Amino acid sequence: MQIETLKLFTDLAESESFTKAAQLNEVTQSAVSQQIHALERHFNSTLIERSRKKFRLTREGQLLYEYSKQILDSYHTMQNKVQEIKNVISGTIHVSTIYSIGLHELPPYIKKYLSTHPTVKVQVEYRRVNEVYEDVIGNVVDVGLVAYPKADPRLEIVPLRKDNLVLICHPDHPFAKSRTIKAAALSGQKFIAFEPDIPTRRAIDKKLKEKHLDVSVVMEFDNIETVKRAVEINAGITLVPHNTVLQELQKGTLVEVTIEDLGVQRTLAAIYKKKKTIPPALREFINLLKSNLTPENGVPVQHDGAPAAEPRSFTMKGRVAA
């Protein structure tokens, strides 16, 4: 029995998905099924109760999962120690991130990371914020990237930096002429909002309530790109992270307006599961994320406002989420 088979089984047990287990191990779903059948023949036991409604391990499957985790933890610890002795950093880092961080914040860091560690692969999935937490807690990914991190006894939270939210509007909007307004001017304005369960929406609502400002929410979306497109057709105004609108500001399709007496920031953070064995590659990746990169130390200046080019070992997948 190979260590890869035990890893595949634990990935399946934690993700409860043959598709996800196949993706994590870069094999086909058929190969996952074949490996599970091979394990069941080896132990002469049914390990998974196969049902269309729910995935569940049998008692034998749960026992194998628990011992497999111990074996894999010991194996990874040994592997990390050997890599540290040899001063070698390699492997694959699985990242789950909300879309605004994944597209607008992450690429320059990955580009710098891969230039230093070319033998490491970074796989990124765009997810809704609740799914990022599920991915990390379920050991589907190594690290998650979120805004406004929430405390959870199962998670370690690594604060990264703060991000300013800015008001944007269409170039023909009255706010665009002055470029500076008082917060009171927001009252009664048509507002493009994120959906209510998104942390950025909750933070904006809280700030508006503190200032006794009553805006008219005319549209709600679950992703930042659609929010920006709605503002570009002059459907309303909104508040978004500054780094997410650099391209539109440069092209002139959106205008940034300063609110003199309203400051809104969001905290960005990396999250990973407590008691998780942190391999050197992941540790170096998190340390880089904590740094404040500038053009002088690694992030190329984007004259056209476009995101950094996708590195060769950087793969992205998943649907758009704020």
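Just above sits the structure.
Residue numbers here run from 1 along each chain, matching the order of that chain's written sequence. Totals for whole chains, interfaces and linings use every residue, but because this is a predicted model, local features are given only for residues with pLDDT of at least 70 and side-chain atom pairs only at 80 or more, for both listing and counting. In computing side-chain properties, one takes all heavy atoms of the structure into account and sets aside hydrogens as well as water.

### Regarding the pattern of salt bridges
Two side chains of opposite charge can pair, provided their charged atoms sit close to one another.
Working step 1: By salt bridge we mean one thing: a side-chain nitrogen of Lys or Arg within 4 Å of a carboxyl oxygen of Asp or Glu. For the structure on display, the rule yields 23 salt bridges.
Working step 2: Here R154 and D152 are joined by a salt bridge, their closest N and O atoms 2.9 Å apart.
Working step 3: When accessible area is computed with a 1.4 Å probe and restricted to protein chains, residues below 20% of their type maximum are described as buried, those above 50% as exposed, and intermediate ones as partly exposed. Among the residues examined, R154 registers a relative accessible area of 45% and is labelled partly exposed.
Working step 4: Among the ionic pairs, D163 bridges to R266, the shortest N-O distance being 3.1 Å. With D163 in strand 6 (residues 155-169) and R266 in strand 12 (residues 265-273), this residue pair connects regions lying 103 residues apart in the sequence.
Working step 5: Classification of R266 by relative accessible area gives buried; the value is 2%.
Working step 6: Through salt bridges with shared partners, a single ionic network connects E225, K228, R229, E232 and E248. Helix and strand assignments follow DSSP, with helices taken as H or I runs no shorter than four residues and strands as E runs no shorter than two, numbered in order from the N terminus.

### Brief notes about the layout of surface pockets
Working step 1: Any residue with an atom within 4 Å of a point lines the site, the site being either a cavity, points on a 1 Å grid over the protein atoms alone where a 1.4 Å probe fits but cannot get out, or a pocket, an open set with protein on both sides within 12 Å along at least 5 of 7 lines. Grid points are joined across faces, edges and corners, and a volume is the space filled by probe spheres set on the points. Looking at the largest pocket, its volume works out to about 1300 Å³.
Working step 2: As for the largest pocket, its lining consists of 43 residues, of which K7, H76, T92, H94 and D142 are closest to the centre.
Working step 3: Those elements that place two or more of their residues in the lining of the largest pocket are helix 1 (3-15), helix 2 (18-25), helix 3 (29-43), helix 4 (59-86), strand 3 (91-97) and helix 12 (280-290).
Working step 4: Taken together, the residues that form the lining of the largest pocket break down as 14 nonpolar, 15 polar and 14 charged. We call Asp, Glu, Lys and Arg charged. Ala, Val, Leu, Ile, Met, Phe, Trp, Tyr, Cys and Pro are nonpolar, and the rest, Gly among them, are polar.

### Things to note about the packing of helix 1 against helix 3
Working step 1: At their nearest, the axes of helix 1 and helix 3 sit 10 Å apart, and the two run at 105° to each other. In terms of axis orientation, helix 1 runs roughly perpendicular to helix 3. Across from T5, L8, F9 and L12 in helix 1, the residues of helix 3 making contact are V32, Q35, I36 and L39.
Working step 2: For the contact of helix 1 with helix 3, the residue count by class is six nonpolar, two polar and no charged. Here, axes are lines fitted to C-alpha atoms. For helices the fit covers the stretch in contact, and angles between N-to-C directions go from 0 to 180 degrees. Angle categories: roughly parallel below 35 degrees, roughly antiparallel above 145, roughly perpendicular from 65 to 115, and oblique for all the rest. We call two residues contacting when some pair of their heavy atoms lies within 4.5 Å.

### Details of the packing of helix 2 against helix 3
Working step 1: Two elements in contact, helix 2 and helix 3, have axes separated by 8 Å at closest approach and are oriented at 100°. Taken together, helix 2 and helix 3 sit at an angle that is classed as roughly perpendicular. For the pair formed by helix 2 and helix 3, the contact residues are F18, T19, A21 and A22 on the first element and Q29, V32, S33 and I36 on the second.
Working step 2: Split by residue class, the contact of helix 2 with helix 3 holds five nonpolar, three polar and no charged.

### Regarding the side chain of T244
Working step 1: Following the sequence through the fold, T244 ends up in the loop between strand 10 (238-241) and helix 11 (246-251).
Working step 2: Using a relative accessible area of 1% as the deciding quantity, one classes T244 as buried.

### Describing the side chain of S68
Working step 1: With respect to the element layout, S68 can be found in helix 4.
Working step 2: Among all residues touching S68, those that are not within four sequence positions of it are L6, F9 and T10.

### A word on a nonpolar patch on the surface
Working step 1: Residues enter a patch when their relative accessible area is above 30% and they make no salt bridge; the linking distance is 9 Å between like charges and 5 Å between nonpolar side chains (Val, Leu, Ile, Met, Phe, Trp, Tyr). All accessible-area figures derive from a Shrake-Rupley calculation using a 1.4 Å probe, and residue coverage is judged against the displayed protein chains alone. Taken together, Y75, M78 and V82 make up a surface patch of nonpolar side chains, about 250 Å² in accessible area.
Working step 2: Looking at the element boundaries, M78 is found in helix 4.

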